[in-house]
Amino acid sequence: MTPAAKADAAGQATPAPARFDAIVVGGGPAGLSAAYTLAAGGASVVVIERGDWPGSKNVMGGLVFSQPTSQVVPDFWKEAPLERPVTRREMWLTTGDSVLKAAYESTDFGAEPYNSFSVFRSRFDKWLAAQASAKGAVIITETLVEDLLWDGGKVIGVRTGRPDGDLEADVVILAEGVNPFLAEKAGMSQGVKAEAIAVAVKEVLALPKEKLEDRFSLGTDTGAAFEVVGEITGGIPGTGFIYTNRDTISIGVGVILKDMVDRAGAAYSLLERFKAQPQVRRLIDGAGRREYAAHLIPEGGYRSMPSLYGDGVLVAGDAAGMVNAVFSEGANLALLSGKMAAETVLQARGSGDYSRRTLGRYGDLVGRSIIMKDLKTFEGMTSLFSSHKHFFSLYPQLASAAVKEMLTVDSLTKADKMHLITKLARSQMPTRRLIKDLWDGWRAFS
Ligand SMILES: Cc1cc2nc3c(=O)[nH]c(=O)nc-3n(C[C@H](O)[C@H](O)[C@H](O)COP(=O)(O)OP(=O)(O)OC[C@H]3O[C@@H](n4cnc5c(N)ncnc54)[C@H](O)[C@@H]3O)c2cc1C
């Protein structure tokens, strides 16, 4: 392949070397962060992306978090295509006819350096690619990497689907997303397993800006993000989300693939169920569908992570299972891991040694970082939710019933109400089972 003949993300023909210091597979946050950092550090780097442009294949809710993003591109909010800073977050527990809400709102989140922004990845990734390109990275699109090139046990490049499509480099960074086909071929990943992967469906619904701001009680420069659990997933572990954009709403729901298959349900019907929830219906009433998409999310966490490094190869982002499903964080971990992979390569470049031993520094960096620490904290989460599906039905129902009882003013005394609530809880959830749930939860999260 002749990279010099390709146009970069900004549409300019960039003179490119015949051989690169690094090849990055995948133009998502992990790959683009790696490319940006490598190019800024003076290395020659090419990103190979199968989509029409970086971001074209991406389906995120989604929120981009400010602090990790600015570690890659400082003050990104001044230029990046962002929708709204998220100034209010709400957690909803639903039972079908009721919602128990916890909300947090902060004016700090609406001012520099912000906390998070709603974005469209098709625009955000394209912008990030242009930043990497401006630093000197070459971005090749519409090109599928089909295989790795090997010299003995060392990765020395990639084979693409194009004629004359082999490309060599000192190191290959695999940032191929949730389906780590190449990492699997390299024997680094076990691939995706239905019990450790969520399927998410998402719609973008259009609503005039003023109406949206009125309905969600927003100003022109504030935004809201809702995470919803409970009845909406019909007893399957999962989450719904609603994020406000400028004049659209991103709404979606994600459940573990295996649970969905076992229930023979379709993810789309769960989204319809979510949208039919009375409190949700009010928010999206009259909003027209602009986009529909489905995507997988690796939710196996720490226990499903592949080897992060080998001779001449590193794995970052979703391909390495770096998603914190409890807090719906993935893009931030992808950005940080891409940066750490690049920093490792820049250091290896000094000695010209890209062996597994030298690249092992990436494992150390990730291991000491928030990525591994958070993933370890929540390592038991997927199996806990899978074996305790009632967390998503029984507990929201009990919580809702308790609050309803306390808020209903009738002839019962508050002491009588407390007694009723305790009786109801005990009938639905014997004390021994409650203690076991608390113990299992504590063990999974500690
Ligand atoms: C519905 C949904 C909502 C989400 N919401 C949030 C959120 O609000 N906040 C958050 O932080 N995270 C969120 N996530 C998770 C987040 O999207 C991912 O963690 C993040 O995109 C991972 O980045 P990545 O670069 O590792 O992978 P990706 O973004 O998936 O990028 C991988 C890229 O590699 C390309 N590729 C794959 N294989 C090849 C190949 N062989 N050759 C060439 N190119 C290839 C793909 O086309 C893709 O562009 C959400 C995910 C989903 C599905």
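Scroll up for the structure.
Residues numbered from 1 in each chain as written. Predicted model: local features only at pLDDT ≥ 70, side-chain atom pairs only at ≥ 80, totals over all residues. Heavy atoms only, no water.

(A) Highlighting the packing of helix H9 (residues 331-351) against helix H11 (residues 370-377). In the contact formed by H9 and H11, the axes pass within 10 Å of each other and the chain directions differ by 135 degrees. Between H9 and H11, the crossing angle belongs to the class labelled oblique. For the pair formed by H9 and H11, the contact residues are Leu 333, Leu 336, Ser 337 and Met 340 on the first element and Ile 370, Ile 371 and Leu 375 on the second. Among the residues forming the contact of H9 with H11, the class breakdown is six nonpolar, one polar and no charged. (Axes fitted to C-alpha atoms, helices over the stretch in contact; angles between N-to-C directions. Helix = DSSP H or I, 4+ residues; strand = E, 2+ residues; numbered from the N terminus. Parallel < 35°, antiparallel > 145°, perpendicular 65-115°, else oblique. Contact = heavy atoms within 4.5 Å. Nonpolar A, V, L, I, M, F, W, Y, C, P; charged D, E, K, R; others polar.)

(B) Quick look at unusual backbone geometry. In this structure, the amide linkage connecting Glu 112 to the following residue, Pro 113, adopts the cis form with an omega of 5 degrees. With respect to the helices, strands and loops of the structure, Pro 113 is situated in the loop between strand S5 (99-105) and strand S6 (116-118). For Asp 75, which is not a glycine, the phi torsion comes out positive at approximately 55 degrees. The residue Asp 75 is located in the loop between helix H2 (66-72) and strand S4 (84-94) in this model. In this structure, Ser 217 takes a positive phi of about 55 degrees despite not being glycine. Looking at the element boundaries, Ser 217 is found in the loop between helix H5 (209-215) and strand S12 (223-230). A residue is classified by how much of its surface remains accessible, and Ser 217, at 57% relative accessible area, is exposed. (Buried < 20%, exposed > 50% of the residue type's maximum accessible area, 1.4 Å probe, protein only.)

(C) Main features of the site of the ligand. Neighbouring residues of the ligand: 37 residues in total, closest Glu 49, Leu 63, Arg 121, Asp 318 and Ala 331. Side-chain polar atom of Glu 49 to an oxygen atom of the ligand: 2.6 Å apart, as the coordinates give it. Ser 328 places a main-chain nitrogen or oxygen 3.3 Å from a nitrogen atom of the ligand. Its free accessible area being 1000 Å², the ligand has 95% of it covered by the protein chains. Of all the secondary-structure elements, those providing two or more residues to the shell around the ligand are helix H1 (29-40), strand S3 (63-65), strand S15 (288-298) and H9. Ranked by residue count, the leading element in the shell around the ligand is H9, at three residues. Grouping the amino acids of the shell around the ligand by side-chain chemistry returns 17 nonpolar, 13 polar and seven charged. (Near = heavy atom within 4 Å. Polar contact = N/O pair within 3.5 Å; in protein donor to acceptor, adjacent residues only side chain to side chain. Areas by Shrake-Rupley, 256 points an atom, 1.4 Å probe, with all protein chains shown as cover.)

(D) Looking closely at the environment of Ala 266. Along the polypeptide, Ala 266 turns up in the loop between helix H6 (257-262) and helix H7 (267-276). Relative accessible area serves as the criterion here: at 41%, Ala 266 is assigned to the partly exposed category. Separated by 84 residues in sequence, Ala 266 and Leu 182 place their C-alpha atoms 29 Å apart.

(E) Spatial organisation of the environment of Gly 240. With respect to the helices and strands, Gly 240 occurs in strand S13 (residues 238-244). A residue is classified by how much of its surface remains accessible, and Gly 240, at 0% relative accessible area, is buried. For the pair formed by Gly 240 and Met 91, sequence separation is 149 residues and the distance between their alpha carbons is 10 Å. Not counting residues up to four positions away in its chain, the partners in contact with Gly 240 are Phe 226, Glu 227, Val 228, Ile 232, Gly 252, Val 253 and Phe 274.

(F) Local environment of the pairing of strand S11 (residues 197-206). A large share of S11 lies buried, amounting to nine of its ten residues. Note that S11 and S15 share ten bridges and pair antiparallel. What sits directly across from Leu 205, in S15, is Arg 289. One ladder, built from nine bridges, connects S11 with strand S14 (residues 248-256); its direction is antiparallel. Residue pairing for S14: Ala 200 is matched across the bridge by Gly 254. (Pairing = 2+ DSSP bridges.)

(G) Just the packing of H1 against H9, in detail. Packing of H1 against H9 leaves a shortest axis separation of 7 Å and a crossing angle of 35 degrees. Note on packing geometry: the crossing formed by H1 with H9 is right-handed. The segment H1 lies against H9, with Pro 29, Ala 30, Ser 33, Ala 34, Thr 37 and Leu 38 engaging Ala 331, Ala 334, Leu 335, Gly 338, Lys 339, Ala 342, Glu 343, Val 345 and Leu 346. Taken together, the residues of the contact of H1 with H9 break down into ten nonpolar, three polar and two charged. (Left-handed = near helix turned anticlockwise from the far one by under 90°.)

(H) Region of interest: the pairing of S4. A large share of S4 lies buried, amounting to eight of its eleven residues. Sheet topology note: the S4/S6 ladder contains two bridges and is antiparallel. When the sheet's bridge partners are listed, Pro 85 is paired in S6 with Phe 117. Judged from the eight bridges that link them, S4 and S12 form a sheet pairing that is parallel. Residue pairing for S12: Glu 90 is matched across the bridge by Phe 226. The pairing of S4 with S5 spans seven bridges and is antiparallel. Bridging across to S5, Met 91 finds its partner in Ala 102. The loop that links S4 with its antiparallel partner S5 comprises four residues; one of these, Gly 96, has a positive phi angle of about 110 degrees.

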